[in-house]
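# Summary of the model geometry
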Amino acid sequence: MEKIGFIGLGRMGRPMASNLIKKGFELIVHDVNAEAVDVLVNLGADAGSSVADVAARADVIITMLPNSAIVAQVVSGVDGVLSTARKGSLVLDMSTIDPNTTDAIAADCKARGVGFVDAPVGRLATHADIGQSLFMVGGEDADFERVKAMLEAMGSTIYHCGPCGAGTRSKIVNNFLAVSLCQLNAEALTLATGLGLDIESTLDVLYGTTATNGQLRINWLQKVLVGDTSAGFTIDLAHKDLTLVMESANAAKVPMPMAAAAREAFSQARARKFGGKDFSAMLDANCDAVGLEPPRLPQGSRHRT
Ligand code: NAD
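### Observations regarding the overall build of the protein
- Each helix and strand in the protein was counted, giving 14 helices and nine strands.
- At 20 Å, the protein has a C-alpha radius of gyration in line with the 19 Å of a compact globule built from 305 residues.
- Expressed as lengths along the three principal axes of its C-alpha atoms, the size of the protein is roughly 65 × 45 × 30 Å.
- For the protein, the proportion of its 305 residues judged to be buried stands at 52%.
- Sequence separation of at least 24 residues holds for 68% of the intrachain contacts in the protein that already meet a minimum separation of 6.
- With the model as given, the accessible surface of the protein reaches about 13,400 Å², and the carbon-plus-sulfur share is 55%.

### What about the pairing of strand 5 (residues 90–93)?
- Residues Leu-90 and Leu-92 point to one face of strand 5 and Val-91 and Asp-93 to the other, with burial holding for every one of them.
- As paired strands, strand 4 (residues 60–63) and strand 5 are joined by four bridges and run parallel to one another. Paired with Ile-61 across the two strands is Val-91, which belongs to strand 5.
- Bridge count for strand 5 against strand 6 (residues 115–118) is four bridges, and the pairing is parallel. Its bridge partner being in strand 6, Leu-92 is matched across the sheet by Val-117.
- Between strand 5 and its parallel partner strand 6, the chain crosses via helix 6 (residues 99–111), and the hand of that crossover is right-handed.

### Focus on the domain arrangement of the protein
- As far as domains go, the protein holds domain 1 (4–164) and domain 2 (170–290).
- With 16 residues of domain 1 in contact, the opposing surface of domain 2 contributes 15 residues.
- It is Thr-96, Leu-124 and Met-136 in domain 1 that bury the most area against domain 2; as a group they hold 43% of the surface buried on that side.
- Taken together, domain 1 and domain 2 are joined by three residue pairs in polar contact (both at pLDDT 80 or more).
- Secondary-structure elements contributing two or more residues to the side of domain 1 that touches domain 2 are strand 7 (121–122) and helix 7 (125–129).

### Topic: the packing of aromatic side chains
- Tallying each qualifying case throughout the model produces one aromatic pair.
- Centroid distance Phe-233 to Phe-279: 5.0 Å. Interplanar angle 90 degrees. Geometry classified as edge-to-face. Of this pair, Phe-233 sits in the loop between helix 11 (214–222) and helix 12 (235–251) while Phe-279 sits in the loop between helix 13 (257–271) and helix 14 (282–289); the two residues are 46 residues apart in sequence, bridging distant segments of the chain.
- Lying over the aromatic face of Tyr-207, Arg-217 brings its terminal NZ or CZ to 4.4 Å of the ring centre.

### Focus: the pattern of salt bridges
- Taken as a whole and assessed by the stated rule, the structure comprises 15 salt bridges.
- Here Asp-236 and Arg-270 are joined by a salt bridge, their closest N and O atoms 2.7 Å apart. Here Arg-270 lies in helix 13 and Asp-236 lies in helix 12, a separation of 34 residues in the sequence.
- For Asp-236, a relative accessible area of 32% puts it in the partly exposed group.
- With relative accessibility at 36%, the residue Arg-270 sits in the partly exposed group.
- We note a salt bridge from Asp-241 to Lys-240, for which the minimum N-O separation is 3.0 Å.
- One salt-bridge network, held together by shared partners, links Asp-46, Asp-53 and Arg-57.

### Observations concerning the state of the cysteines
- Counted under the stated rule, the structure contains zero disulfides.
- Summary of cysteine pairing: Cys-287 is not part of a disulfide, and the nearest cysteine sulfur, belonging to Cys-182, is at 14 Å.
- Accessibility expressed as a relative area gives 0% for Cys-287, which makes it buried.

### Brief notes about the packing of helix 9 (residues 166–194) against helix 13
- Where helix 9 contacts helix 13, the axes come no closer than 9 Å and their chain directions differ by 60 degrees. In the crossing of helix 9 with helix 13, the sense of the turn from one axis to the other is left-handed. Residue-level inspection shows Phe-176, Val-179, Ser-180, Cys-182, Gln-183 and Leu-184 of helix 9 in contact with helix 13, the latter providing Met-258, Ala-259, Ala-262, Ala-265 and Phe-266.
- For the contact of helix 9 with helix 13, a count of residues per class yields nine nonpolar, two polar and no charged.

### Quick look at the site of the ligand
- Taken together, 24 residues sit near the ligand, with Arg-11, Met-12, Asp-31, Gly-232 and Lys-240 positioned nearest.
- One of the backbone nitrogen or oxygen atoms of Val-32 is found 3.4 Å away from a nitrogen atom of the ligand.
- Leu-65 places a polar main-chain atom, nitrogen or oxygen, 3.1 Å from an oxygen atom of the ligand.
- Relative to its unbound accessible area of 830 Å², the ligand is 84% covered by the protein chains.

### Details of helix 9
- Taking 1.5 Å of rise per residue, 29 residues should cover 42 Å, and helix 9 covers 42 Å from first to last C-alpha, within 8% of that figure.
- Remark: the principal bend of helix 9, roughly 25 degrees, maps to Asn-175.
- Gly-196 occupies a position one or two residues after helix 9 and carries a positive phi of about 80 degrees.

What counts, and at which threshold
- Residues numbered from 1 in each chain as written.
- Predicted model: local features only at pLDDT ≥ 70, side-chain atom pairs only at ≥ 80, totals over all residues.
- Heavy atoms only, no water.
- Helix = DSSP H or I, 4+ residues; strand = E, 2+ residues; numbered from the N terminus.
- Rg over C-alpha atoms; globule rule 2.2 N^0.38 Å.
- Buried < 20%, exposed > 50% of the residue type's maximum accessible area, 1.4 Å probe, protein only.
- Contact = heavy atoms within 4.5 Å.
- Areas by Shrake-Rupley, 256 points an atom, 1.4 Å probe, with all protein chains shown as cover.
- Pairing = 2+ DSSP bridges.
- Right-handed = clockwise from strand over helix to strand, strands pointing away.
- Domains from an automatic or database assignment.
- Buried area = accessible area lost by both parts, 1.4 Å probe.
- Polar contact = N/O pair within 3.5 Å; in protein donor to acceptor, adjacent residues only side chain to side chain.
- Phe/Tyr/Trp six-rings, centres within 6.5 Å; stacked < 30°, edge-to-face > 60°.
- Lys NZ or Arg CZ within 6 Å of the ring centre and 35° of its normal.
- Salt bridge = Lys/Arg side-chain N within 4 Å of Asp/Glu carboxyl O.
- Disulfide = S-S within 2.5 Å.
- Axes fitted to C-alpha atoms, helices over the stretch in contact; angles between N-to-C directions.
- Left-handed = near helix turned anticlockwise from the far one by under 90°.
- Nonpolar A, V, L, I, M, F, W, Y, C, P; charged D, E, K, R; others polar.
- Near = heavy atom within 4 Å.
- Expected span 1.5 Å × (residues − 1).
- Bend = angle between axes of the 7 residues up to and from the residue.

Following this line, the structure appears as structure tokens:
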């Protein structure tokens, strides 16, 4: 069985690495946060002393990091993965980043005889916890086959979208819809609150029509509407994704007025110190901006899951 290096053990990387260990894979892990490493070591992983150490000892190196600059630094930078990765090893980047960075890293890997697959993650952090994530994969057929068992250990739905970069590009399209819906939901429920409507009857109506959406129906019922705004997926990361959407759209000369408006609404929420909260807390940011108490479902509500 191939040895896996796992770099980036945050809200997503931690459960993904845990699920690999539970399915019998041997892991060498690294994170700049030592506490995150300890959690995985207690589950049976080996701790790498640095990025370069992990890459030297692993056959497949998985990265699950916040943004483009960090992934580029960790893979291609000084003392990065490619400084020690063996010829024939493979980098599997699962972060959500700019497609041009994905292409550049894939080219750096190819130049060193190292394979590359991009496989960003769909669905919520709670899906990652229970191994039910969706993966959108970009890579050569043989490289996809090589990492398939690892993806199956971390998720339940896998789509091979095309060559290197197709996974990252699919993720940008997906997150445009998922993240923009948060802002639409926030405006709708802030308006309902401002109009004095009851949250439960408002949801009855919205769930009964074509206004239904997965954010409002799944994530919001588990998070902001029951008062839990701890980070599953932060407003900061959602803002980063809408920025990736705008940059990709601009490069392709595709105008996206709704994406631009949603991105700026997330910018306002960050300026008001909501950046570290779950992206469903766009509701609280919108209500806060207009001086309204954000609605919460009462105990015993028919909408509580
Ligand atoms: P996170 O901030 O919780 O975790 C990132 C981890 O990377 C942290 O533990 C941090 O210490 C570590 N890190 C940062 N720089 C590092 C470096 N140079 N070397 C080693 N470790 C480093 O973020 P997350 O929520 O786990 O998200 C990770 C990626 O997955 C992001 O690109 C995000 O957009 C994407 N994503 C998140 C979700 C979600 O629901 N949270 C869902 C799908 C995709």
